[in-house]
Amino acid sequence: MKRALILASALFAGCMQATPPPGPVETPRPDPLPGTRLSVDQLKSQMFHVSAGKRLKATWPNGARVAVGLSFDVDNATATLSTGNLDYEVLSRGEYGAVDGLPRLLRMLDRQQVPASFFIPAASAVLHPKVISDIQAAKLSHEIGGHGWIHERLPLLNDEKEEQRLLDLSIETLTKMTGKRPVGYRAPSWKFSGWTMGQVKAAGFLYDSSLMASDDAYEILLDGTPTGVVELPIERILDDAPYFGGNADGSNPSVGDVYEVFQSEFDVAYEEGGLFLLTMHPHMMGHRSRTAMLEKLVQYIKGKPGVWFATHEQIANHVKPLIAAQ
Ligand SMILES: [Zn+2]
């Protein structure tokens, strides 16, 4: 009995010693800071596996000051389905993109007579084939680009062969459904694995639109070697998802705030003679007040002289010759 008491008090003392002082606690990962032990050469190989090469700062057709590219990722419910989440509240929030969001946005683009690029996970098109026929029924010539098979998050997939299979399947499916092989690629959630850039280059894509190392278009380098693939850079502040997506979940109800950010970004792009690209989603931007906000922005942009509205494909084709130029 006495021995048990001594043991218990010793254990108790041990617990007391292990109790940390009050304060934030992070659960350590197995190796939380591997970068601290790398040599400069090792850091270079990681940093420059995929990186920015030659800046492709163009003069725009017909003396335009700025090129404007509107893009929509027609994810609908695929990102949710890819994770096996069968919560129909969330799935239906995605399905809104196919049912009401995309048609409303297409009507607005038609009213304003501006083209756009639509990046579509192929499974999203298979599940709602109407998204393809709706886009192709528009009087304007919109572009359809690749966006994975089922919005698979590639670093999570972490499987070279499976990634290649899904890329091939997505290209084949979109080609069959649209009658044209996509020339533009946008990684699901913009996330590359270590294999993605090599596979995108090998598949012969004209351009990627998943990276953000510059405001201007640039050539992507793979392990320091020029790939010939044009990057049309995206940006989180030029994306509707951080403001209207699942993480915001209603925390930013003001479309006016988002309008202000987008317009301010456009104003500087216009002053600098640059590129203004937006990433949006029909299941987010396709809601009534948000499409109205986007239409107001398009009208504001159209009010400026010297604006070139183009698809990403047109912009990539325009800047690509700069890769070879001295
Ligand atoms: Zn997406």
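It should be noted that the structure appears before, not after, this text.
Residues numbered from 1 in each chain as written. Predicted model: local features only at pLDDT ≥ 70, side-chain atom pairs only at ≥ 80, totals over all residues. Heavy atoms only, no water.

> Just checking my understanding: could you explain helix H6 (residues 130-137) for this structure?
Each α-helix turn comprises 3.6 residues. Residues three or four places apart therefore point the same way. Listed as buried for H6 are Val131, Ile132, Asp134 and Ile135. Each buried residue of H6 lies within a common arc of 165° when the element is viewed along its axis, so the set occupies one face. Those residues of H6 that are buried lie in contact with helix H4 (88-112), strand S3 (117-120), helix H5 (122-127), strand S4 (143-146) and helix H8 (160-178). (Buried < 20%, exposed > 50% of the residue type's maximum accessible area, 1.4 Å probe, protein only. Helix = DSSP H or I, 4+ residues; strand = E, 2+ residues; numbered from the N terminus. Arc of directions from axis to C-beta. Contact = heavy atoms within 4.5 Å.)

> Honestly, unusual backbone geometry in this entry has me stumped. Any pointers?
Most peptide bonds take the trans configuration, and most residues that are not glycine carry a negative phi. Unlike most non-glycine residues, Asn62 shows phi in positive territory, near 55°. Relative to the helices and strands, Asn62 is located in the loop between strand S1 (50-55) and strand S2 (66-73). We note that Gln113 has phi near 60°; this positive angle belongs to a residue other than glycine. The class for Gln113 is partly exposed, based on a relative accessible area of 49%.

> Whenever I open this one, the coordination of the zinc ion confuses me. Can you help?
Tetrahedral coordination by four donors puts the ideal angle at the metal at 109.5 degrees, and octahedral coordination by six puts it at 90 or 180 degrees. Around the zinc ion, the protein contributes the donor atoms Asp75 (OD), Asp75 (OD), His147 (NE2) and His151 (NE2), which lie 2.1 to 2.6 Å from the metal centre. Seen from the zinc ion, its 4 donor atoms lie at angles of 54 to 135°, and the figure they make is irregular. (Donors = N, O, S within 2.8 Å, 3.2 Å for Na, K, Ca; no water. Tetrahedral: all angles 85-135°; square planar, octahedral: opposite > 155°, others 65-115°.)

> Sorry, what's going on with the nonpolar core here?
Buried together is how nonpolar side chains tend to be arranged in soluble globular proteins. In terms of nonpolar packing, the biggest core is built from 42 residues, with Leu70, Phe72, Phe118, Ile120, Phe276, Leu278 and Leu294 touching the most fellow members. Leave out the neighbours within four places in its chain, and Phe72 touches Leu105, Leu109, Ala116, Ser117, Phe118, Phe119, Met280, His281, Pro282 and Leu294. One finds Leu56, Leu232, Leu275 and Val319 within the second-largest nonpolar core, a separate group that totals 18 residues. (Core = buried A, V, L, I, M, F, W, Y, C linked by side-chain atoms within 4.5 Å.)

> Sorry if this is basic, but what is going on with the pattern of salt bridges here?
Where charged atoms from two side chains of opposite charge approach closely, those side chains can pair. According to the stated counting rule, one finds 11 salt bridges in the structure shown. The residue Arg37 makes a salt bridge to Asp31 at a minimum N-O spacing of 2.8 Å. A relative accessible area of 56% means that Arg37 is categorised as exposed. The partly exposed category is assigned to Asp31, whose relative accessible area is 35%. (Salt bridge = Lys/Arg side-chain N within 4 Å of Asp/Glu carboxyl O.)

> Looking at this model, I keep getting lost on the packing of aromatic side chains. Mind explaining?
Within a pair of aromatic rings, the relevant descriptors are the distance that separates the centres and the angle that separates the planes. Under the criterion given, the structure shown has 8 aromatic pairs. An angle of 35° between the planes, with centres 6.0 Å apart, marks the rings of Trp60 and Trp308 as tilted. Of this pair, Trp60 sits in the loop between S1 and S2 while Trp308 is found in strand S10 (residues 307-309), placing the two residues 248 residues apart along the sequence. With a relative accessible area of 7%, Trp60 lands in the buried category. For the ring pair Phe119 and Tyr207, a centre distance of 6.4 Å and an interplane angle of 80° mean the geometry is edge-to-face. Placement of Phe119 in strand S3 and of Tyr207 in strand S6 (residues 207-208) is noted, with a sequence separation of 88 residues between them. You can call Tyr207 buried: its relative accessible area is 0%. Above the plane of the ring of Tyr270 lies Arg65, whose end atom (NZ or CZ) is 4.8 Å from the centre. (Phe/Tyr/Trp six-rings, centres within 6.5 Å; stacked < 30°, edge-to-face > 60°. Lys NZ or Arg CZ within 6 Å of the ring centre and 35° of its normal.)

> Before we go on, may I ask you to explain the pairing of S2 in this structure?
Consecutive side chains of a regular strand alternate in pointing toward one face of the sheet and then the other. Within S2, 8 of the 8 residues are buried, which leaves the element mostly enclosed by the surrounding structure. By the bridge criterion, 3 bridges tie S2 to S10 in an arrangement that is parallel. When the bridges of S10 are listed, Val66 appears paired with Val307. Direction of pairing for S2 relative to strand S9 (residues 275-280): parallel, over a ladder of 6 bridges. (Pairing = 2+ DSSP bridges.)

> How should the packing of H4 against helix H13 (residues 288-302) be read in this particular structure?
The description of two helices packed together rests on the angle between their axes and the distance between the axes. Between H4 and H13, the shortest axis-to-axis distance is 10 Å and the interhelical angle comes to 25°. Between H4 and H13, the interaxial angle falls into the category roughly parallel. The chirality of how H4 crosses H13 is right-handed. Of H13, the residues touching H4 (which contributes Tyr96, Arg104, Leu105, Met108, Arg111 and Gln112) are Arg288, Thr291, Leu294, Glu295, Val298, Gln299 and Lys302. Of the residues that constitute the contact of H4 with H13, the class distribution is 5 nonpolar, 3 polar and 5 charged. (Axes fitted to C-alpha atoms, helices over the stretch in contact; angles between N-to-C directions. Parallel < 35°, antiparallel > 145°, perpendicular 65-115°, else oblique. Left-handed = near helix turned anticlockwise from the far one by under 90°. Nonpolar A, V, L, I, M, F, W, Y, C, P; charged D, E, K, R; others polar.)

> How should the environment of Pro188 be read in this particular structure?
As for its placement among the helices and strands, Pro188 is situated in the loop between strand S5 (184-185) and helix H9 (196-202). Considering only alpha carbons, one finds Pro188 and Gly146, 42 residues apart in sequence, at a separation of 9.3 Å. Those residues in contact with Pro188 that lie beyond four places of it in its chain are His147, Gly148, His151, Glu152 and Leu154.

> Is there a simple way to explain the environment of Pro233 in this structure?
Here Pro233 shows up in the loop between strand S8 (225-231) and helix H10 (241-244). In this structure Pro233 comes out as buried when scored by relative accessible area, which is 8%. Those residues in contact with Pro233, other than ones at most four positions away along the chain, are Leu211, Met212, Ser214, Asp215, Asp216, Ala217, Tyr218, Leu275 and Leu277.

> Help me out: how do you make sense of the packing of H4 against H6 in this one?
One way to put it is that H4 packs onto H6 with a least axis distance of 10 Å and a crossing angle of 10°. Considering their axes alone, H4 and H6 lie roughly parallel with respect to each other. Listed contacts from H6 to Ala98, Leu102, Pro103 and Leu106 of H4 are Lys130, Val131, Asp134 and Ile135. Looking at the contact of H4 with H6 residue by residue, the classes come out as 6 nonpolar, no polar and 2 charged.

That's the geometry; what it means functionally is another story.
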